[in-house]
Amino acid sequence: MLLLQQMVIFFLIMLIGYICRKVGVFGENTGKMISGIVINIGNPALIIASGMNPETLENKAALLVTLAVALIFFAIMFVIAELIPRLLRADREDYGSYQVMTIFANIGFMGYPLLDAMYGGEAVIHAAIFNLLYSVLIYTYGINRMKTSGQREKLNWKQLMNVGVISCLIAVTLYISNLPVPMVFKDTATRIGAVTGPLSMLVIGDSLAQIRLKDLFTDVRLLLFSVVKLLLMPALLLWGLRFFITDPMFLGVCLVMTATPVGSMTVMLAQQYDGDYRLTSKGVALTTVLSVATMPFLFWLSLNEF
């Protein structure tokens, strides 16, 4: 019910964005302008707010274990992301979009509530560590892969020192040091970060208004990608991790990192950096619809010892 409720909220906000574009409330550049707000203001505030969480892990060593697992997890995801567009025989200019959609899932707005409901606050703390690394990668690897026509430049120090990475460094420092933060700053970061979800959904709705909805379910390549993204990858990952991880809660965190739909930030990046935002919008919408069935199934597998 929690998952279904969350998805209904997503679709209602997307519908508002869709209608706004259709009736002329949103213009040609509205989506790109909102994307800039999300990437440069909303999402960094959300990241910093996560580092101000007053909860701490009882065993500090568990933080390092989580970080190590997250590093291995993303290393594996990089390899998969390189293979998927080739296996799907995607157009060369769409490689970056498929790679970003493969790695970056909707953790913040779907994963957190689901983990909290199933395992409690400790699972959310573990997920936050994954999400901090995720945030660094989406502002570096994600931007790099979303360059126009797949022409990607080598990463340089200027790329690494962007607002997303700086906000991650601040969040990690606050989290590890347990520095006291005045409530006024916590509330400010939390409230600004709260706009990220709704604005992201509005941009996706705006993007969907520019494509034919029937194309959503007739794009065979995107449908195949969705099956791999939502079923094959999480099932294989869950099976492999069982040889190394026995904690059901930690397995659940890893599963959510993979099994949730394509993250809305992929559309924001495509809008901001001239990627294929129509493809990423369809990817977000299609995987969100299909995940209504795939995520409960995968968690059933997880709870029944696979």
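Conventions adopted
Residues numbered from 1 in each chain as written. Predicted model: local features only at pLDDT ≥ 70, side-chain atom pairs only at ≥ 80, totals over all residues. Heavy atoms only, no water. Helix = DSSP H or I, 4+ residues; strand = E, 2+ residues; numbered from the N terminus. Buried < 20%, exposed > 50% of the residue type's maximum accessible area, 1.4 Å probe, protein only. Contact = heavy atoms within 4.5 Å. Areas by Shrake-Rupley, 256 points an atom, 1.4 Å probe, with all protein chains shown as cover. Phe/Tyr/Trp six-rings, centres within 6.5 Å; stacked < 30°, edge-to-face > 60°. Core = buried A, V, L, I, M, F, W, Y, C linked by side-chain atoms within 4.5 Å.

A. How the structure looks around the overall build of the chain. When helices and strands are tallied, the chain shows 14 helices and zero strands. Sequence-ordered secondary structure for the chain, helices as α and strands as β, is α-α-α-α-α-α-α-α-α-α-α-α-α-α. Counting only residues that meet the buried cut, the chain has 54% of its 306 residues in that class. Expressed as a percentage of contacts within the chain between residues at least 6 apart in sequence, the contacts between residues at least 24 apart total 85%. Accessible area for the chain stands at about 14200 Å²; split by element, carbon and sulfur atoms hold 68% of it.

B. Inspection of the environment of Tyr95 at higher detail. The topology assignment puts Tyr95 in helix H4 (residues 95-103). For the pair Tyr95 and Leu83, spaced 12 residues apart in sequence, the C-alpha separation works out to 9.8 Å. Leaving out residues up to four positions away in the same chain, Tyr95 has contacts with Pro85, Arg86 and Ala90.

C. Quick peek at the packing of aromatic side chains. For the structure shown, the criterion picks out eight aromatic pairs. Taken together, a centroid distance of 5.4 Å and an interplanar angle of 70 degrees make the contact between Tyr98 and Phe225 edge-to-face. Of the two residues, Tyr98 is situated in helix H4 and Phe225 in helix H11 (residues 220-241); the sequence distance between them amounts to 127 residues. Given the relative accessible area of 3%, Tyr98 is considered buried. When its relative accessible area of 0% is taken as the criterion, Phe225 is described as buried. Where Phe104 meets Tyr134, the ring centres are 5.2 Å apart and the plane angle is 85 degrees; that geometry is what we call edge-to-face. Taken together, the residues span a long stretch of sequence, with Phe104 in the loop between H4 and helix H5 (107-119) and Tyr134 in helix H6 (residues 121-145) at a distance of 30 residues. For the pair Phe104 and Tyr134, one class covers both residues: buried.

D. Representation of the nonpolar core within the structure. Ranked by internal contacts, the top residues of the largest apolar core, which has 90 residues, are Phe74, Tyr98, Phe104, Phe130, Tyr139, Phe225 and Met257. Residue contributions to this core peak at 15 residues, all from H6. The next biggest cluster of nonpolar side chains, apart from the first, holds six residues, and it includes Ile48, Ala49, Met52 and Ala189.

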